[in-house]
Amino acid sequence: MSSLIKWFHKEKKIRKINVKVINEDQLLNWKISDSSIYHLSKSFFKIEFFKFLINKIVFFQPLIIQKDIGILGIIKKVENNKDYYLLQSKVEPGNINKVQISPTVQATASNYKRKHGGKKTNYLKFFLNINKNATLISRKKLSEHGNKFYQKKNENFLIEVSGKVKKLKSFEWFSKNDIVKTISKNNILNMDTLSVFSNNIKKIDNNYSLNSLKNIIKLTTTPKNLIKRNKINLSKLKNWKKDKTGIYDIKKKLFKIKYVLIETNSREINSWTQPIISNFDKILNIFIVKDFNGVRHYLLKSCVQPGFNHIRLTNTISMKMNSKINYDSHILRSIKKKPKLVNSIYSDEGGRFFKNQVVNQAVKLGKDEKIKLKKNYVWVSHNQMINLINRDIITIEARILFAICNINKII
């Protein structure tokens, strides 16, 4: 085992958290009205209800509204010509394994401004005030889940320190090799850790690309009025039901809003309640990859997500594991029996999502293998992927899978 995994199992024994699903009348400091679900302090986040018209399809669903731009930041150092990253064991109410390995700082503005009245966020000063002892490697505002958030972005940082940094309890320095060894393990590395790394993958020397960047970006040209979104009351949310246990899609295609009580010895406060979003099924995310002129390319497709106003690019296939409807079924059939370059399970961030698991896979086509593609698919080279991530054109689902595929190339 890598030292990271050994440390992870040790931290699981130390960090305690108990999460109990509760009824609406036990939800403290939150208000559920016909217009929204919100915290009485008007901080943290709220949930509102919408009617959508996208590509002539009408549907209804809630979205998380969180105007705060959070900080996802990792501190890096170099010792004896080796890269090390300061990561923390963090408990979240929705985490699989309860503890996951998170960035040095993973905090919303409401949390690091201590709206909860609890403890301060460790190492926050490194990212709010980057001083002469630190070098900014990257700083990008990158989007979150467009199927559940409205226009949500977090600021992703990687900084390198030259001076000594005191290691606090629940934090540890890990080598790149430790992280590479951990990437195939399920539900250990936090989604936000991978989000930061996705923006810090090295480019390769061979700059060949099958398609021009200009033509790839054309796929994201968004026609006017493509997405129509109207805020509605909960009572008008068709095909959804509210009862004392939550609010849920009656056809179980999307998700349920649950209510939870959390007690822990490892957060800024020891106890709180909150709403949280739970999927009905695992999500399957697949990259089909192929080498052209010795350069790895990723098959992307354009997509529309209800929480954003622009077309974005995502992985080749994204579907619920047990879905009977899959618009990529012809592609799925063609790769069903092929070996997987990547096959691991990661979960969505546990602060807003309750045990939502994603099966991440990558499948490689041989030199002479071809797939019949629709107009919204495009082959994107390794270096182009990095450029598109920097422009925030790639969905978080595809960014994370790209980071998993290239974890040995992190800066």
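The rules behind the values
Residues numbered from 1 in each chain as written. Predicted model: local features only at pLDDT ≥ 70, side-chain atom pairs only at ≥ 80, totals over all residues. Heavy atoms only, no water. Helix = DSSP H or I, 4+ residues; strand = E, 2+ residues; numbered from the N terminus. Rg over C-alpha atoms; globule rule 2.2 N^0.38 Å. Buried < 20%, exposed > 50% of the residue type's maximum accessible area, 1.4 Å probe, protein only. Areas by Shrake-Rupley, 256 points an atom, 1.4 Å probe, with all protein chains shown as cover. Lys, Arg positive; Asp, Glu negative; His and termini not counted. Charge placed at Lys NZ, Arg CZ, Asp CG, Glu CD. Salt bridge = Lys/Arg side-chain N within 4 Å of Asp/Glu carboxyl O. Phe/Tyr/Trp six-rings, centres within 6.5 Å; stacked < 30°, edge-to-face > 60°. Lys NZ or Arg CZ within 6 Å of the ring centre and 35° of its normal. Patch = residues over 30% accessible without salt bridge, like charges linked within 9 Å, V, L, I, M, F, W, Y side chains within 5 Å. pLDDT = per-residue confidence, 0-100. Pairing = 2+ DSSP bridges. Expected span 1.5 Å × (residues − 1). Arc of directions from axis to C-beta. Contact = heavy atoms within 4.5 Å. Axes fitted to C-alpha atoms, helices over the stretch in contact; angles between N-to-C directions. Parallel < 35°, antiparallel > 145°, perpendicular 65-115°, else oblique. Polar contact = N/O pair within 3.5 Å; in protein donor to acceptor, adjacent residues only side chain to side chain.

The helix and strand tally for the protein chain stands at 9 helices and 24 strands. Here the C-alpha radius of gyration of the protein chain, 21 Å, is about what a compact globule of 411 residues would show, namely 22 Å. Every one of the 411 residues in the protein chain was classed for burial, and the buried ones make up 57%. As displayed, the protein chain offers around 19,400 Å² of accessible surface, 47% of which is attributable to carbon and sulfur atoms. Computing the positive centroid from 80 side-chain charges and the negative centroid from 29, the protein chain places the two 3 Å apart.

Let us look at the pattern of salt bridges. In this structure the tally under the stated criterion is 15 salt bridges. One salt bridge connects Arg-296 with Asp-291, and the closest N-O pair in it is separated by 2.7 Å. Through salt bridges with shared partners, a single network forms among Lys-76, Asp-83 and Lys-176.

Further remarks concern helix α9 (residues 396-405). The buried count for α9 comes to 9 of 10 residues, which makes it a mostly enclosed element. Along α9, the residues that are buried comprise Ile-396, Glu-397, Ala-398, Arg-399, Ile-400, Leu-401, Phe-402, Ala-403 and Ile-404.

Attention now goes to the packing of aromatic side chains. This model, assessed by the stated rule, comprises 14 aromatic pairs. Ring plane angle 80° and centroid distance 5.7 Å describe the contact between Phe-149 and Phe-353, whose orientation is recorded as edge-to-face. Here Phe-149, found in the loop between β10 (134-143) and β11 (153-161), pairs with Phe-353, found in the loop between β22 (340-347) and β23 (357-364); they are 204 residues apart in sequence, far enough to count as distant. Accessibility expressed as a relative area gives 1% for Phe-353, which makes it buried. The side chain of Arg-312 reaches across the aromatic face of Phe-308, ending 4.4 Å from its centre.

Moving on, we get to a positive patch on the surface. On the surface, a cluster of positive charge is made up of Lys-12, Lys-16, Lys-98 and Lys-355. Here Lys-16 shows up in the loop between α1 (3-14) and β1 (17-22). Judged by its relative accessible area of 47%, Lys-16 is partly exposed.

Turning next to unusual backbone geometry. At Tyr-123, a residue that is not glycine, the phi angle is positive and equals roughly 65°. Relative to the assigned elements, Tyr-123 resides in the loop between α2 (109-112) and α3 (125-128). Not every positive phi belongs to a glycine, and Asn-225 is a case in point at roughly 65°. Tracing the sequence through the fold places Asn-225 in the loop between α6 (213-218) and β13 (227-232). Residue Asn-225 is classed as exposed on the basis of its relative accessible area, which comes to 54%.

Another aspect to go through is the confidence of the model for the protein chain. Considering every residue of the protein chain, the mean pLDDT works out to 93; 97% of them sit at 70 or more. By mean pLDDT, α2 is the weakest element of the protein chain at 76, and helix α8 (residues 382-390) is the strongest at 98.

Moving on to the pairing of strand β14 (residues 240-243). A regular strand places its side chains so that they alternate between the two faces of the sheet. Across 4 bridges, the pairing between β14 and strand β15 (residues 246-249) is antiparallel. Bridged to Asp-243 within β15 is Gly-246.

Below, the discussion takes up α1. Between its first and last C-alpha atoms α1 spans 17 Å; for 12 residues at 1.5 Å apiece the expected length is 16 Å, and the two agree. For α1, the complete set of buried residues consists of Leu-4, Ile-5, Trp-7, Phe-8 and Glu-11. Buried residues of α1, viewed axially, fall in a sector of 160°; they line one side. Projecting away from the buried face of α1 at angles above 90 degrees are the exposed residues Lys-10 and Lys-13. Looking at the packing, one finds that the buried side of α1 touches β7 (82-91), β8 (99-102), β12 (171-175) and α4 (176-182).

Below, the discussion takes up the environment of Asn-187. Structurally, Asn-187 is set in the loop between α4 and α5 (191-198). Residue Asn-187 is classed as buried on the basis of its relative accessible area, which comes to 4%. Measuring from C-alpha to C-alpha, the distance between Asn-187 and Ala-362 comes to 17 Å, with 175 residues separating the pair along the chain. Excluding residues within four positions of it along the chain, Asn-187 makes contact with Phe-8, Ile-96, Asn-97, Gln-100, Ile-345, Tyr-346, Ser-347 and Gln-357.

Below, the discussion takes up the packing of α5 against α9. In contact at an axis separation of 8 Å, α5 and α9 are set at 80° when each is read in the N-to-C sense. With respect to each other, α5 and α9 are oriented roughly perpendicular. On the side of α5, the interface is formed by Met-191, Leu-194, Ser-195, Phe-197 and Ser-198, while α9 contributes Ile-396, Arg-399, Ile-400, Phe-402, Ala-403 and Ile-404.

On to the side chain of Asp-348. In this fold, Asp-348 is placed in the loop between β22 and β23. Buried and unpaired, Asp-348 has Lys-148 as its nearest opposite-charge partner, separated by 4.8 Å. Within the structure, the side chain of Asp-348 is placed 3.2 Å from the side chain of His-145, a separation counted as a polar contact. Contact partners of Asp-348, with chain neighbours within four places excluded, come to His-145, Met-191, Asn-279, Phe-353, Asn-356 and Val-358.

Mapped onto the fold, Lys-90 is located in strand β7. Between the C-alpha atom of Lys-90 and that of Gly-307, which follows or precedes it by 217 residues, the distance is 27 Å.

Of note, Glu-48 is situated in strand β4 (residues 46-54). Judged by relative accessible area, which is 10%, Glu-48 ranks as buried. Discounting chain neighbours no more than four positions away, the residues touching Glu-48 are Ser-35, Ser-36, Gln-61, Pro-62, Leu-63, Ile-65 and Lys-231.

Glancing now at the pairing of strand β21 (residues 317-320). Side chains of β21 alternate between two faces, with Ile-317 and Met-319 buried and Ser-318 and Lys-320 left unburied. Where strand β18 (residues 283-292) and β21 come together, 4 bridges link them in antiparallel fashion. Within the sheet, the bridge partner assigned to Asn-285 lies in β21 and is Ser-318.

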